[in-house]
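Observations on the model geometry
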Amino acid sequence: MTTGDPYNLARSILQKLSCSISLLCSLMIISSITSSKINLSKTQQRLLLGISCCDSITSAIWIFTDLFMPPSGNIHTCNAQGFIIQFGNISNVLYMVALQIQYVLTIKYGWNDTKMKKLEGALLGVPPAFGSGTAITALVLDLYNP
């Protein structure tokens, strides 16, 4: 970031502010869900927990993004940042898709908890598995560094 460029300074401040708010809210959701056995027993709450975990990781990385890029960082920190952002963003989107599937099955088709348990493994497992796969692939193909 150029210190004399007001546009970049404003962009950096707004990015850090919005990501800080997102991180705080995600941590509050994580705390609320994990502190209740009732919440942890519900598929919808576990999907929301996955979304919040991915969002908190990605938000934290964006808050400290300047530390990962040169001159503060190096190629390895840049790769780490890219890997985490790739994993978090892809997983987050897929968790939201899974949450929407859960809503449709519950609201429109009347699925109960017993039926939902049969699909829960896929709803909770596919997002991080696919996110990890794309993050690892991008790392192996050296796609994180410009």
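Note: the structure precedes this text.
The structure presented is a predicted model; accordingly, all values stated were derived computationally and were not measured.

1. Observations regarding helix α1 (residues 6-34)
The terminal C-alpha atoms of α1 lie 42 Å apart, and with 29 residues this matches the ideal 42 Å at 1.5 Å per residue to within 8%. All of the buried residues along α1 are Asn 8, Ser 12, Gln 15, Cys 19, Leu 23, Ser 26, Ile 30 and Ile 33. Those residues of α1 hidden inside the fold are in contact with α2 (37-40), α3 (43-63) and α4 (65-68). Measuring from the backbone nitrogen of Tyr 7 back to the side-chain oxygen at the start of α1 gives 3.2 Å, which picks out Asp 5 as the cap.

2. Quick notes on the nonpolar core
Counting residues in each nonpolar core, the largest one holds nine residues, listed as Leu 47, Ile 51, Cys 54, Tyr 95, Ala 98, Leu 99, Leu 105, Met 116 and Leu 123. Put simply, the parts of the chain that give this core at least two residues each are α3, α5 (75-108) and α6 (113-140). In terms of residues, this core owes the most to one element, α5, which gives four residues. When near neighbours in sequence (up to four residues on either side) are disregarded, Ile 51 contacts Asn 92, Tyr 95, Met 96 and Leu 99.

3. Let's talk about the packing of α5 against α6
Relative orientation of the contacting elements α5 and α6 amounts to 160 degrees, with a least axis distance of 8 Å. Between α5 and α6, the interaxial angle falls into the category roughly antiparallel. The element α5 and its partner α6 pack so that their crossing is right-handed. Partitioned by chemical class, the residues of the contact of α5 with α6 number 18 nonpolar, eight polar and no charged.

Reading the values: the criteria
Residues numbered from 1 in each chain as written. Predicted model: local features only at pLDDT ≥ 70, side-chain atom pairs only at ≥ 80, totals over all residues. Heavy atoms only, no water. Helix = DSSP H or I, 4+ residues; strand = E, 2+ residues; numbered from the N terminus. Expected span 1.5 Å × (residues − 1). Buried < 20%, exposed > 50% of the residue type's maximum accessible area, 1.4 Å probe, protein only. Contact = heavy atoms within 4.5 Å. Polar contact = N/O pair within 3.5 Å; in protein donor to acceptor, adjacent residues only side chain to side chain. Core = buried A, V, L, I, M, F, W, Y, C linked by side-chain atoms within 4.5 Å. Axes fitted to C-alpha atoms, helices over the stretch in contact; angles between N-to-C directions. Parallel < 35°, antiparallel > 145°, perpendicular 65-115°, else oblique. Left-handed = near helix turned anticlockwise from the far one by under 90°. Nonpolar A, V, L, I, M, F, W, Y, C, P; charged D, E, K, R; others polar.

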